[in-house]
Amino acid sequence: DARVTQTPRHKVTEMGQEVTMRCQPILGHNTVFWYRQTMMQGLELLAYFRNRAPLDDSGMPKDRFSAEMPDATLATLKIQPSEPRDSAVYFCASGGRGGHTDTQYFGPGTRLTVL
Amino acid sequence: AQTVTQSQPEMSVQEAETVTLSCTYDTSESDYYLFWYKQPPSRQMILVIRQEAYKQQNATENRFSVNFQKAAKSFSLKISDSQLGDAAMYFCAYRSGGGATNKLIFGTGTLLAVQP
């Protein structure tokens, strides 16, 4: 049963600390998305990769957030330094080759709390 | 810019009954995709159903079906024979069919309660 995996599932940290979230896309998928969900803003795209290249990171605060794909099986989202307003659920989704290429499949999310 | 609107913040349905969740969208594009995702209390985003805009036939997945009205830019979700496990937040989402961007644009969600 192919699925997107994310680690950690929960993270509590203090303001100013670095946070790294990891995502393993479904094998064979060539697009990876990072979304953030908050009560105020709902679901919003932070960054998106195709074939490991960043195509759109306009939704990401550049001064503290960074997203990378070191290889086809790993995507990372880093926040440094973290702030209380970063508290949210961060979802990774993958899509692309195989099945419906237009469809995105979501991971279980990382619930981040910044104190 | 494309927008997605879900005008029903909350809905309630009796078990075994049918409920329809509304979604409208705004776009100038002719090629796009529409989706419904379910988010139960676990927070997992689960794909419920997808619709290709160029297909006139409404998509169906078991107890879930859509009423896609392209001219009206409406994309409602019908859940038949509602079950307790259907209780969740439901999000309508839009994706451009063009290659420029693949991001999903989400509505604000409808919280569905299922009464036993």
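Note that residues are indexed from 1 along each chain, following the sequence as it is written. Starting at A for chains and at 1 for ligands, labels are handed out in the order in which the entities are written. Side-chain atom pairs in this predicted model are given and counted only at pLDDT of 80 or more, local residue features only at pLDDT of at least 70, and totals for whole chains, interfaces and linings cover all residues. To get the side-chain values, all heavy atoms of the structure are used, and hydrogens and water are removed first.

Trainee: How would you summarise the pattern of salt bridges if you had to cite specific residues and measurements?
Mentor: Residue and element names in this part refer to chain A. Each reported salt bridge corresponds to a side-chain nitrogen of Lys or Arg within 4 Å of a carboxyl oxygen of Asp or Glu. The final tally for this structure, using the stated rule, is nine salt bridges over all chains. Salt-bridge contacts for D86 lead to R64; the nearest nitrogen and oxygen are separated by 2.6 Å. Here D86, found in the loop between β8 (74-79) and β9 (88-95), pairs with R64, found in the loop between β6 (53-56) and β7 (65-71); they are 22 residues apart in sequence, far enough to count as distant. Comparing D86 with R64 shows no difference in burial state: the two are buried. Shared partners join several salt bridges into a network, and the residues in it are R64, E83, R85 and D86. Under the DSSP-based scheme used, a helix requires at least four consecutive residues in state H or I and a strand at least two consecutive residues in state E, with every element numbered from the N terminus. The buried label goes to any residue with under 20% of its type's maximum accessible area, the exposed label to any with over 50%, and the partly exposed label to all in between, with areas taken from a 1.4 Å probe on protein chains only.

Trainee: Talk me through the interface of chain A and chain B; I want residue IDs and the actual numbers.
Mentor: Each partner contributes residues to the interface: chain A has 19 residues there, and chain B has 17 residues. Throughout, the accessible surface (probe 1.4 Å) given up by two parts as they are put together, summed over both, is called the buried area. For the pair chain A and chain B, the two sides together bury roughly 1700 Å², of which 52% comes from carbon and sulfur. Linking chain A with chain B are zero salt bridges, by the criterion used here. Any pair of N or O atoms that falls within 3.5 Å is considered a polar contact. Within protein, one atom must be able to donate a hydrogen and the other to accept it, and sequence-neighbouring residues count only if both atoms are side-chain atoms. For the pair chain A and chain B, the number of links is seven residue pairs in polar contact (both at pLDDT 80 or more). At the level of elements, β4 (31-38), β5 (42-50), β9 and β10 (105-106) of chain A are the ones that each hand at least two residues to the side of chain A that touches chain B. In terms of residues, the side of chain A that touches chain B owes the most to one element, β5(A), which gives four residues. The residue classification treats Ala, Val, Leu, Ile, Met, Phe, Trp, Tyr, Cys and Pro as nonpolar and Asp, Glu, Lys and Arg as charged. All others, Gly included, are polar. Looking at side-chain class alone, the side of chain A that touches chain B contains 10 nonpolar, five polar and four charged residues. The contact rule is simple, with two residues in contact once any of their heavy atoms fall within 4.5 Å.

Trainee: Please give an account of the nonpolar core that cites residues and values.
Mentor: One broad rule of soluble globular proteins: the nonpolar side chains tend to lie buried together. In terms of nonpolar packing, the biggest core is built from 26 residues, with B:Y25, B:W36, B:F75, B:L77 and B:Y90 touching the most fellow members. At four residues, strand β10 (residues 88-96) of chain B tops the list of elements feeding residues into this core. With 22 residues, the next largest nonpolar core counts A:V4, A:M60, A:A75 and A:Y90 among its residues. Remark: nonpolar core denotes a set of buried residues (Ala, Val, Leu, Ile, Met, Phe, Trp, Tyr, Cys) joined through side-chain atoms within 4.5 Å.

Trainee: So what about the sheet that holds β7(A)? Which residues, and what values?
Mentor: Residues and elements named next belong to chain A. Being paired, for any two strands, means DSSP has found at least two bridges between them. The sheet built from four strands is open, its strands ordered β1-β3-β8-β7 with antiparallel pairing. Where the open sheet ends on each side, the last strands, each with one partner, are β1 (5-7) and β7. The sheet shows a mean angle of 20° between the axes of neighbouring strands, taken without regard to direction. Here strand β3 (residues 19-24) pairs with β8 via five bridges, running antiparallel. Bridge pairing in β8 places M21 opposite L77. Axes, fitted as lines to C-alpha atoms, cover a helix only where it is in contact. Angles between the N-to-C directions of the axes lie from 0 to 180 degrees.

Trainee: Now, about the packing of aromatic side chains: what can you tell me, with residues and values included?
Mentor: Two aromatic rings, drawn from Phe, Tyr or Trp (for Trp, its six-membered ring), form a pair once their centres lie within 6.5 Å of each other, and the interplanar angle then sorts them: stacked below 30 degrees, edge-to-face above 60, tilted otherwise. A full pass over the atoms with the stated rule returns 15 aromatic pairs over all chains. Here the aromatic rings of A:F33 and A:Y48 are separated by 4.8 Å at their centres, their planes lie at 5°, and the arrangement is stacked. Of this pair, A:F33 sits in strand β4 while A:Y48 sits in strand β5, and the two are 15 residues apart along the sequence. With relative accessibility at 1%, the residue A:F33 sits in the buried group. With a relative accessible area of 1%, A:Y48 lands in the buried category. On the basis of an interplanar angle of 65° and a centroid distance of 5.3 Å, the ring pair of B:Y25 and B:Y32 is categorised as edge-to-face. By relative accessible area, which is 2% here, B:Y32 ends up buried. Put simply, the rings of A:F33, A:Y35, A:Y48, A:F91, A:F106, B:F35, B:Y37, B:F91 and B:F106 touch in pairs and so form one group of aromatic residues.

Trainee: Give me the confidence of the model for chain A: which residues, what numbers.
Mentor: For chain A, per-residue confidence averages 91 on the pLDDT scale, and 95% of positions sit at 70 or higher. Confidence scores differ between elements of chain A, with β6(A) showing the lowest mean pLDDT of 87 and β3(A) the highest of 98. Known as pLDDT, the predictor's confidence for each residue is given on a scale from 0 to 100.

Trainee: Give a description of the pairing of strand β5 (residues 32-39) of chain B that names residues and reports values.
Mentor: All names here are of chain B. By the criterion of burial, β5 is predominantly enclosed, with eight of the eight residues buried. Both faces of β5 are covered, namely the face carrying Y32, L34, W36 and K38 and the face carrying Y33, F35, Y37 and Q39. Of the pairings in the sheet, the one linking β5 to strand β6 (residues 46-52) comprises six bridges and is antiparallel in character. Paired with K38 across the two strands is I46, which belongs to β6.

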